[in-house]
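Architecture and fold: a report
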Amino acid sequence: MKGEGKYTGWIVLIAIVLPVAVAILYIMPKGDGASEMVKSIPFMNAIFNGASFLALVFGLVAIRNGKKMVHRGFMMGAMAMSALFLVGYVIYHSQVPSTPFGGEGIIRWIYFIILITHIILAAGLAPLVLITFARALKGDFEKHKKIAKWTYPIWLYVSLTGIIVYMMIEPYY
């Protein structure tokens, strides 16, 4: 992260705090009284993941066509959608117990493979996105491109598998 300057401290803090906060959410006791609005958050989060996925795809198309400002807009949109997802995720999982997956057989294995890869990659995604973004803000586009080659496919995968995980677990809510 050398060269990210004034953003380095924030990126390190977020890289540490996010996974710890998510782990705490899963061990926190939860009641039964979540509102219907809170219970609708997983659906909204699937929409945020879908919007992020689309913004990432359109952002790639834009930069490949030399439209830097359009690319920037789509990437900022993807970041905003991912941030809204994160806020919703924290609100939901602070109030609602985890939903067990009820599928059986091969679909259970498929679900857990998708879920585990999604979780592992999502855990490291925030710092990657922030480093990539910081390099773009700084105007260091050579370094931005180098890390974006890693950040982009991981972010795309996490956004897409977030939707798939939601679709697979939704019948069991």
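Scroll up a little and you will see the structure.
The rules behind each value
- Residues numbered from 1 in each chain as written.
- Predicted model: local features only at pLDDT ≥ 70, side-chain atom pairs only at ≥ 80, totals over all residues.
- Heavy atoms only, no water.
- Helix = DSSP H or I, 4+ residues; strand = E, 2+ residues; numbered from the N terminus.
- Rg over C-alpha atoms; globule rule 2.2 N^0.38 Å.
- Phe/Tyr/Trp six-rings, centres within 6.5 Å; stacked < 30°, edge-to-face > 60°.
- Buried < 20%, exposed > 50% of the residue type's maximum accessible area, 1.4 Å probe, protein only.
- Contact = heavy atoms within 4.5 Å.
- Patch = residues over 30% accessible without salt bridge, like charges linked within 9 Å, V, L, I, M, F, W, Y side chains within 5 Å.
- Areas by Shrake-Rupley, 256 points an atom, 1.4 Å probe, with all protein chains shown as cover.
- Salt bridge = Lys/Arg side-chain N within 4 Å of Asp/Glu carboxyl O.
- Axes fitted to C-alpha atoms, helices over the stretch in contact; angles between N-to-C directions.
- Parallel < 35°, antiparallel > 145°, perpendicular 65-115°, else oblique.
- Left-handed = near helix turned anticlockwise from the far one by under 90°.
- Nonpolar A, V, L, I, M, F, W, Y, C, P; charged D, E, K, R; others polar.

**Let's talk about the overall build of the protein chain**
Across its full length, the protein chain holds six helices and zero strands. When its helices and strands are written in sequence order, the protein chain yields α-α-α-α-α-α. For 173 residues, the compact-globule estimate of 2.2 N^0.38 gives 16 Å, and the C-alpha radius of gyration of the protein chain, at 17 Å, lies within 12% of that figure. Across its three principal directions, the C-alpha atoms of the protein chain cover 50 × 30 × 30 Å.

**Considerations on the packing of aromatic side chains**
Within this structure, the stated rule accounts for nine aromatic pairs. Relative to Y111, the ring of F101 lies with its centre 4.0 Å away and its plane at 5 degrees, an arrangement referred to as stacked. Of this pair, F101 sits in the loop between α4 (68–95) and α5 (106–138) while Y111 sits in helix α5; the two residues are ten residues apart in sequence, bridging distant segments of the chain. Overall, the relative accessible area of 9% leaves F101 in the buried class. With a centroid separation of 5.1 Å and 75 degrees between ring planes, the pair formed by Y111 and F112 is classed as edge-to-face.

**Side note on the side chain of H93**
Tracing the backbone shows H93 in helix α4. Contact partners of H93, with chain neighbours within four places excluded, come to L25, Y26 and K30.

**Here we look at the environment of L56**
Summarising the element assignment, L56 is placed in helix α3 (residues 41–64). The buried category is assigned to L56, whose relative accessible area is 0%. Each C-alpha atom, one on L56 and one on P153, is 9.4 Å from the other, the two residues being 97 residues apart in sequence. Discounting chain neighbours no more than four positions away, the residues touching L56 are M75, A78, Y152, W155, L156 and S159.

**A look at a nonpolar patch on the surface**
A cluster of nonpolar side chains, namely W10, V12, L13, I16, V17, V20, I24, Y26, I27 and M28, defines an oily patch on the protein surface of about 960 Å² accessible area. Examined against the element boundaries, Y26 turns out to sit in helix α1 (residues 8–27). For Y26, a relative accessible area of 38% puts it in the partly exposed group.

**Re the packing of α1 against α5**
Two elements in contact, α1 and α5, have axes whose closest approach is 8 Å; the angle formed by their N-to-C orientations is 160 degrees. Considering the angle they form, α1 stands roughly antiparallel to α5. The chirality of how α1 crosses α5 is right-handed. The residues of α5 that touch α1, namely those facing I11, I14, A15, L18 and P19, are A123, A126, P127, L130, I131 and A134. Its residues assigned to classes, the contact of α1 with α5 shows eleven nonpolar, no polar and no charged.

So yeah, pure geometry; function would need other evidence.
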